[in-house]
Amino acid sequence: MDATLAGIVGGGLGLVIGAVAVAASRFSERTFTEIPPTPPPSLPTGVTDVLAVLRSIAIVLDASDAVVNSSASAVSYGLVRHGELVHAELRQLARQVRRDGEIREVDLELSRGFGTTTNALMKARVAPLGASHVLILAEDHTHARRVEEVRRDFVANVSHELKTPVGGIALLAEAVLDARDDPEAVSRFAARIQVESTRLTRLVKEIVDLSRLQVADTLHEPELVSIPAVVAEAVDRVRVAAESRQISLETVADERASVFGDSELLATAIANLVSNAVNYSEPGTRVAVAARRVGDTVEITVSDQGQGIPASEQGRIFERFYRVDAARSRATGGTGLGLAIVKHVCATHGGDVSVWSEEGRGSTFTMRLPAAAVRTTADSDRPAVGTAPGATLGTAPGTAPGTAARTAQGEQQR
């Protein structure tokens, strides 16, 4: 081999070997001298276990405001999404607490969920946790605020409603004193006092009934209630008022319809519906009351041929003291509590109430309650007591079979 070529090859090999040696030396030096990165500080011992049993919404943030731990409710309430705190208000509070170490408590109205307009009233408590973490505890006070608003409105409405008959009685009493020498005027004013006192008595009774229904343990010991008997009692309460207005009451009830509950409350609820139907119907019309069993549900419907309820008002008619026609309601002695009582009675018995109505075509209110027992096949094939073989609903006493059949058919169509 030529000496020059051999020198070049030898020099190249020397450079390669030197480069490898330098690289190996540096790698070895880095391996032994490099300090591993410091892991982020962990949560204090036992914090995770404590957060798991808290009833409050719990969120733990690290120094970079990232969520390192949170309860399941924090996600369901929309406070945490994809490991990040959603609301800037909470993030700002956490930074303030991290900066000065002071515990802060605030009330915030926060949007609940993504893409929704529903807000929740949250009471948040933010406190430092360890060296670099911040703990956020939040409680939903939305329901408590709504209850307080309802209570406040209820007190205001009761005060207003009581003021009218009480003030009327006071004025009429003064009129009686001023007209004590006029027997005819005294008689007229005394009759008016009687009307106002009757209205006041009814208002107080319905307020007491509604308050009793709102107590959680209203049904102390539910009993088996025969719906046909309850319907008959409710209709009997309103029969005199209906006859005075020339309004016919037609009833049809399935003898197998029964529920567990309070017969007095159910009779009051049905009587309220029938009374409203009578008061808001024109003379010479009819009010139909029907009860039937549909699977595991008992349906009680009250239909009238009155003026109907505007669609815009139907969503509010079950509110306390709400009246569609306030002037007519006062003229008939209505208090605006009847439908609210019906709603609470149904809720207490595990059911609900709904309304179908069109202006000029009347209204149909339907109470749906859980049935007392499941019917067997033999019961389904057996006609109700006092019912013709081809009929599906029993005929209440005093109702012609043909009328009852037409009533049931009309109820099913409506």
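In what follows, the accompanying structure is described. (Residues numbered from 1 in each chain as written. Predicted model: local features only at pLDDT ≥ 70, side-chain atom pairs only at ≥ 80, totals over all residues. Heavy atoms only, no water.)

## Side note on the packing of aromatic side chains
One pass over the structure, following the stated rule, counts zero aromatic pairs. The ring of Phe 189 has Arg 188 lying over it, and the distance from NZ or CZ to the ring centre is 5.2 Å. (Phe/Tyr/Trp six-rings, centres within 6.5 Å; stacked < 30°, edge-to-face > 60°. Lys NZ or Arg CZ within 6 Å of the ring centre and 35° of its normal.)

## Here we look at the sheet that holds strand S9 (residues 248–253)
Spatial ordering of the open sheet is given by S9-S11-S12-S14-S13, a layout of five strands whose pairing is mixed. Here the strands that pair on one side only, and so sit at the sheet edges, are S9 and strand S13 (352–358). For this sheet the average axis-to-axis angle between neighbouring strands, irrespective of direction, equals 15 degrees. In the packing of helix H7 (residues 227–244) onto the sheet, the strands contacted are S9, strand S11 (286–294) and strand S12 (297–304), and the crossing angle to S9 comes to about 180 degrees. Docked against the sheet, helix H8 (residues 263–279) engages S9, S11, S12 and strand S14 (362–370), running at close to 170 degrees with respect to S14. (Pairing = 2+ DSSP bridges. Helix = DSSP H or I, 4+ residues; strand = E, 2+ residues; numbered from the N terminus. Axes fitted to C-alpha atoms, helices over the stretch in contact; angles between N-to-C directions. Contact = heavy atoms within 4.5 Å.)

## Topic: the pairing of S13
In the sheet, S13 pairs with S14 via seven bridges, with the strands oriented antiparallel. In the sheet register, Val 355 faces S14, and the bridge partner there is Phe 365. Between S13 and S14, which pair antiparallel and follow one another directly, the connecting turn spans three residues, one of which, Gly 360, has a positive phi of 85 degrees.

## Focus on the nonpolar core
Grouped together as the largest cluster of nonpolar side chains are 42 residues, with contacts concentrated most on Ile 227, Leu 266, Ile 270, Val 274, Val 278, Ile 300 and Met 367. Those elements that place two or more of their residues in this core are H7, S9, H8, S11, S12, helix H10 (338–348) and S14. Top contributing element to this core by residue count: H8, with ten residues. Beyond its immediate stretch of four places on either side in the chain, Ile 300 contacts Ile 227, Ile 270, Ala 290, Ala 291, Phe 365, Thr 366, Met 367 and Leu 369. (Core = buried A, V, L, I, M, F, W, Y, C linked by side-chain atoms within 4.5 Å. Buried < 20%, exposed > 50% of the residue type's maximum accessible area, 1.4 Å probe, protein only.)

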